[in-house]
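Summary of structural features
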Amino acid sequence: KTEINGQGAHCAVHMTPSIRTRLALSSPTCACIPSQQRLHAKYVASILKEAAAHLKRLPNLNQASTALSKQITICGDLHGKLEDLLVVFHKNGLPSAENPYVFNGDFVDRGKKGLEVLLLLLSCLLIFPDGVYLNRGNHEDHIMNARWLPLGTVVNNKVLVVHGGISNITDLEWVRSLDRHKYVSLLRPPVTESSAPGAELIDKMEWKQVFDILWSDPQGIEGCVANTLRGAGTYFGPDVTEQFLKKHKLLYLVRSHECKPGGYELTHGNKVITIFSASNYYELGSNKGAYVKLVGPQLAPHFVQFTTAASRAKRLTFRQRVGLVESSAIRELSGKILASKEQLLEEFKKHDPENTGLITVTQWCTALETRTGLSIPWRMLREKLVNMDAASGKVEYASTFQEHIPGKRASEATVAETLYRNKSSLEAIFRIIDKDNSGYITMEEFSDACALLEEHLQNPLSPEQLVDICSSMDINKDGSVDLNEFLETFRLVDMGQGGGGGDDGDDSSPGEETPK
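Each residue is numbered by its place in its chain's sequence as written, counting from 1. Given that this is a predicted model, residues contribute local features only at a pLDDT of at least 70 and side-chain atom pairs are listed and counted only at 80 or more, while totals for whole chains, interfaces and linings are drawn from all residues. As a rule here, side-chain values come from all non-hydrogen atoms in the structure, and water together with hydrogens is ignored.

**Some remarks on the confidence of the model for the chain**
pLDDT is a residue-level measure of predictor confidence that goes from 0 to 100. Of all residues in the chain, 69% have pLDDT values of 70 or greater, and the mean over the chain is 76. Any two residues whose heavy atoms approach within 4.5 Å are treated as being in contact. Counted against residues more than four places away or in other chains, residues 1-35, with its pLDDT under 50, gives 49 contacts. Here residues 404-421 is a poorly scored stretch, pLDDT under 50, and it has 28 contacts once near neighbours within four places are set aside; other chains count.

Below you can see the structure in the form of C-alpha cells.
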C-alpha cells in the first residue's frame, strides 16, 4: 500500500499485487470493516503460505539492529485484541525499517480477533521484513504455531527479547543451533528416535531450552525452581538473571507472558522488563496495555501506556475493577476445576467413607491442590468456589462443580478490598508479629498473633487453619515467613495508578513516552 507511512512505495515493489491489496484491507484505518470488504479466503491462504515460507528461513533468534532507526518498539501479549494493536499503530506509527517492531508472542487466544491480529502482523512482516520481528509465545503452540516462529530476538547484541524468560540452564548458543521446527507442542516432552546412549536425555535438555524461554516467570527470591502455578517453565530469581546477562554480555531482558495492571513492570534491579500489550485483559478496566521503545545507543527503555474504551473504564471505581479481575479469575479457576472433576470426586470420596457429602476444609483444599497441581490459597477462596454446611462447618464438596459461583454476602467485603484498605499498614503488622525482630515470622509467632485476633473474631481459626495459612505465606518453604513473602501474600496493585509514567489516553489520542 504505497501511501502507508510515506514509506510503502519503495518497499512494496518487491511484493505481489495481492499482498499490497491485503495490507490495504488490513490497514488500521479499517478498524470496522464492512462485510463487502472482508478478506477473501484465497488471500488469507496466500498470506499464510508466503509468511510460512519466510518465517521458516529465519534463525531461531532474530538479530535486530537500531543502526538505521535509532530505536525499536517492543509489544507484549496481544491475545487476539485487534483494538489494542490498532491503538499501538495509531500512537507509534506503522512498522518500517525506520520504525521497527518486535512482537513478543501470544498474538492469539482469549480475544475475539486472533485471526485478524495474526494476518495484520504477517502482512506487515511480508512488506517490511526488516521492520517486523515476530517471537513465538507459549500460546503459539501445536496447530496454531506450525513450528514457524523464531524463539526470540536480540537487539544490537545487548538486549534479549523472549516471551517467558530464562532458567539456570538457558544457553543462547544452544538455542541458536537447535532445530525449532521439531517442537510442534512444548507441552509434551519429545520422544527421541535415536537408540544411542544418552540420546533421550540430550533431546529433553534441548526441549527444555525452548520450554523455559516460552513459559518462565521472574521471582523476587534467588534461585530457579519449577513453576508450579503454570505447571510449565521455571521461576527464576535475580541471581539467575545476573549470571545469564553476564555470561552473554547483555544489558537486560525483555519478556511478556504476565498481565500487569499498568501494562509493564520492572524487576530484578530493572534488569528484567515485563511488557503486556492487551488492555482490559480480564474485564473492562482491569488493566492498561503498554509498549516499550528502546532508544539510543544504550537502548534506554521508554514506556507508553494505553487503554482501549478508556472513557468507560475510567467510570469504574477501584473496588469495581478489583471485583472484575477477581470474578474473571474465579471463572477461569472454575474451568480448571471442572476439567479435573472425575479425579476430584474420587479424591473427595476417599475422605467421605459414609457418603455424607461433607468433608473438612483441609481435606477439600488438599484434594484440590493435589489434583489440579495449583498451589494457591484454596482456603481463602472457598467461599467463592463451594458451599459450606452451616451446622458442621464442613464443605459440601459436590457444590465444587456447580456452574454458578456463589456470590458473597452483601455485608461481606472481599479479601482484596479488606487488604487494600490496610495495605499501608502491612509492614507495621509484620513488625508487630515478628516479636524477636529477627526479620522472620515463625509459626509460633503467627499463632500468638492469631490468638490475639481471635478475641475480636466471630469465628476463631482452628489450629489446622493457622498452619494452612502460615504455610501458604511461606513461599520458599523454609519454615518461616520473611517480609517479602508476607507482602507478596497480600500484594495488590492499585489499578488506578500505572507502574511509572506514560499515556492514559483513549484509543484516539497520541501517547506520551515516559523514560524509566
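**Concerning the sheet that holds strand S8 (residues 224-226)**
If you walk across this open sheet you meet the three strands as S7-S9-S8, and the pairing is mixed. Of all the strands in the sheet, just strand S7 (217-218) and S8 have a single pairing partner and so form its edges. Of the strand pairs in this sheet, S7 and strand S9 (residues 234-236) are connected by two bridges, and their pairing is parallel. Residue pairing in the sheet places Asp217 in a bridge with Tyr235 of S9. At least two DSSP bridges between two strands are required for those strands to pair. Elements are defined by DSSP. Helices are runs of H or I of four residues or more, strands are runs of E of two residues or more, and each kind is numbered from the N terminus.

**Overview of the nonpolar core**
Each nonpolar core is a collection of buried residues, namely Ala, Val, Leu, Ile, Met, Phe, Trp, Tyr and Cys, held together in the definition by side-chain atoms within 4.5 Å. We call a residue buried when its accessible area falls under 20% of the maximum for its residue type, exposed when it is over 50%, and partly exposed in between, using a 1.4 Å probe and counting protein chains only. Residues Leu85, Phe89, Phe103, Phe107, Leu121, Leu122 and Leu134 are the most contacted members of the largest nonpolar core, which totals 34 residues. For this core, the secondary-structure elements that each account for two or more residues are helix H3 (41-56), helix H4 (82-92), strand S3 (101-103), helix H5 (114-127), strand S4 (132-134) and strand S14 (300-306). Ranked by residues supplied to this core, first place goes to H5 with nine residues. Once you skip the residues sitting within four places of it in the chain, Leu85 turns out to touch Leu78, Phe103, Val117, Leu120 and Leu121. Counting residues in hydrophobic clusters, the runner-up holds 23 residues, among them Leu151, Val154, Phe236 and Leu245.

**Remarks on the packing of aromatic side chains**
When two rings of Phe, Tyr or Trp (its six-membered ring) have centres within 6.5 Å they constitute a pair, described as stacked for plane angles under 30 degrees, edge-to-face for angles over 60, and tilted for the intermediate range. For the structure on display, the rule yields ten aromatic pairs. For the pair Phe348 and Phe401, a centre-to-centre distance of 6.1 Å together with 45° between the ring planes defines the contact as tilted. With Phe348 in helix H11 (residues 341-350) and Phe401 in the loop between strand S17 (395-396) and helix H14 (415-421), this residue pair connects regions lying 53 residues apart in the sequence. By relative accessible area, Phe348 is classed as buried at 0%. Exposure remark for Phe401: the relative accessible area of 9% places this residue in the buried category. Here Trp364 and Trp378 contribute two aromatic rings whose centre-to-centre distance is 6.4 Å and whose plane-to-plane angle is 85°, an arrangement assigned as edge-to-face. Taken together, the residues Trp364 in helix H12 (residues 361-372) and Trp378 in helix H13 (residues 378-385) connect sequence positions 14 residues apart. Accessibility classification places Trp364 together with Trp378 in one group, the buried group. Taken together, the ring pairs connect Phe89, Tyr101 and Phe103 into an aromatic cluster.

**Thoughts on the environment of Gly131**
With respect to the helices and strands, the residue Gly131 is situated in the loop between H5 and S4. Leave out the neighbours within four places in its chain, and Gly131 touches Pro95, Ser96, Ala97, Asn99, Pro100 and Tyr101.

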